[in-house]
Structure formats: C-alpha cells, structure tokens
Amino acid sequence: MSPVLYECSGRIAHITLNRPQRLNAINREMLDALEAALKRAHADADADIILLTGSGTAFCSGDDLVELAASPPLQDALEPSIALLQAITRLIVFGPKTVVCAVRGWAIGGGASWPFNADIALWCEDAAVRFPEGLHGLFPSGGATVLLERFCTPHRANEVLMLGKTLKGPELVRAGLAAELLPAAEFDERVSARLHALLALPGKTLSRYKAARISALREPLERALKAESEQLADAISALIASGHFPVIERA
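Quick caveat: nothing in here was measured; it's all calculated off a predicted structure.

Draft legend 1. Summary view of the overall build of the protein. From N to C terminus, the protein includes nine helices and nine strands. Here the C-alpha radius of gyration of the protein, 17 Å, is about what a compact globule of 251 residues would show, namely 18 Å. By its C-alpha atoms, the protein is 55 × 40 × 35 Å across when sized along the principal axes. Counting every position in the protein, which comprises 251 residues, the buried fraction comes to 50%. Within the protein, counting contacts between residues at least 6 apart in sequence, those at least 24 apart form 73% of the total. Carbon and sulfur atoms form 56% of the exposed surface of the protein, whose accessible area is close to 11,500 Å². Averaged over its 25 positive side-chain charges, the protein has a centre that lies 5 Å from the centre of its 29 negative ones.

Draft legend 2. Examining the sheet that holds strand S5 (residues 106-108) more closely. Read from one edge to the other, the open sheet built from three strands follows the order S5-S7-S8, with strand pairing classed as mixed. Across the chains shown, the open sheet's two edge strands, defined by having one partner strand only, are S5 and strand S8 (167-168). Sitting on the sheet, helix H4 (residues 110-117) touches S5 and strand S7 (128-130), and the angle it makes with S5 is about 100°.

Draft legend 3. Inspection of the sheet that holds strand S3 (residues 49-54) at higher detail. Strand order in the open sheet made by the six strands is S1-S2-S3-S4-S6-S9, with mixed pairing throughout. The open sheet has two edge strands, strand S1 (4-9) and strand S9 (181-182), and neither has a second partner. Sheet topology places S3 next to strand S4 (residues 98-103); four bridges connect them, and they run parallel. Residue pairing for S4: Leu51 is matched across the bridge by Val100. Where helix H8 (residues 187-199) meets the sheet, its contacts fall on strand S2 (12-17), S3, S4, strand S6 (120-124) and S9, and the angle it forms with S6 comes to roughly 165°.

Draft legend 4. Quick peek at unusual backbone geometry. At Arg11, a residue that is not glycine, the phi angle is positive and equals roughly 70°. The residue Arg11 is located in the loop between S1 and S2 in this model. Using a relative accessible area of 40% as the deciding quantity, one classes Arg11 as partly exposed. Its identity as a non-glycine residue notwithstanding, Asn24 has a phi of 55°, on the positive side. Locating Asn24 in the fold gives a position in the loop between S2 and helix H1 (28-43).

Cut-off values and rules
Residues numbered from 1 in each chain as written. Predicted model: local features only at pLDDT ≥ 70, side-chain atom pairs only at ≥ 80, totals over all residues. Heavy atoms only, no water. Helix = DSSP H or I, 4+ residues; strand = E, 2+ residues; numbered from the N terminus. Rg over C-alpha atoms; globule rule 2.2 N^0.38 Å. Buried < 20%, exposed > 50% of the residue type's maximum accessible area, 1.4 Å probe, protein only. Contact = heavy atoms within 4.5 Å. Areas by Shrake-Rupley, 256 points an atom, 1.4 Å probe, with all protein chains shown as cover. Lys, Arg positive; Asp, Glu negative; His and termini not counted. Charge placed at Lys NZ, Arg CZ, Asp CG, Glu CD. Pairing = 2+ DSSP bridges. Axes fitted to C-alpha atoms, helices over the stretch in contact; angles between N-to-C directions.

Structure (structure tokens):
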C-alpha cells in the first residue's frame, strides 16, 4: 500500500497521507512519497489547487515511534532526513500552486507544521494539534518556529511549541490557530465547497496571492528552516549519544 496517494480531478490535485493503521505516522517512505507527490502536483498542468489530507481518523500523528524504537536514527542519516522534512515545507510554501490542508483528528509534531505551511487550512471540529518535541529534548521543524506566531502571539506560540500543550477543537480557534471549525458530518462537503470557491476566482488571482505570500515569507522562513535544522540535528545527536532517544506520548 502506497503511503501517499495522488489523484487529480476537477483541477484539484488530491494528495492523501495513507498509513491509516498508524494514524498516518511519518516514516522515511512517507516523506519520500510526499515530496514526490508535491513536486508532481506543482508540475501537473491539470491542477490549479493542491489538497493535502489524511486517510482515516487522523491527519498525521507525527513520527512513527514503533519504527523509531525498532531502528533508531543513525548519525550519518540525520542531515538527509532533516533536509527532506524541511524540503516538504518548502514545496508547500514556495511551490507555485495554492495548497489547502484539510485536517481531521490529530496533527502532531512534523505533521502539525504542514497545515500552517499551507495557504489555507480547514479544520474539522475533532481536530487536535500538538508539538511535543520540546518536552523530549527535540526541536520542531517545518518552519513552526516562525509560522505559528503569525497566527497567534509570539508568547502563545512559544508556549505551544515549548510546553507541548494539546489544543483541541475550540481551543484551536481561541488560540488563533484555526479560523473556524467545520462539522465532522459535513466536513468533506464543506472542504469541497471551499475548493470550488477558490477555483471560481477570476484569472490569475490564485497565482498572484501565492506569489505575494512567497515574497513575504521567503527570507524569514528560510532563516527559520536553517535554524531548526541545526537545532534538531544537535538535539538528536545529543540524545543518540546519551542512549536516551525518546518515546513520545501522543495523548
């Protein structure tokens, strides 16, 4: 079973994280497939919008802890793995096409950054966000260190990132991280309606808004991605050296 599904129809490139039995947890195979799918979507002449979502009951539950426990990361694999994670953020933010992220259930860790990378995020009423990295001596990725504070205050963003607080449903709205919550029973229909409203915009409206967003974010986000990569590599190296690579609780 492919860890990422791709389908293009009605001018929408549908990219679906597809490890539902693991709540769409991240492993290297998924990251490789997601990078390839995003590149394909941006190059697809039949697509004007990219929809990123997860199969099953979760969007993405962060790193696959079962695989990490069975095969901890090797020192010489750190830089390529981190670079791939950050490359996915670059494709979402800096790629030429509008990216919409539809979030059901959990969005954790590296997977929690992707809705904030997107041009528009649509949140189901059962959505929940958590960045647990700081609690376990790790460091966030995906530009979270600079993007979250664009949605809420810098102090609030730091609390979410450093303290690993879980934000569920209405808490996401109160924190400023979600504009609204969509009813679970109507989620797919409401997402579809929003996508078609975007597609109905005249001329080059989508590409103009995307170009302006890229221009505004390029420098601060590149600085953040570089700093995150350095801090994450240092944190993982220290944990490997100590023999205490963490198991992160998801709840």
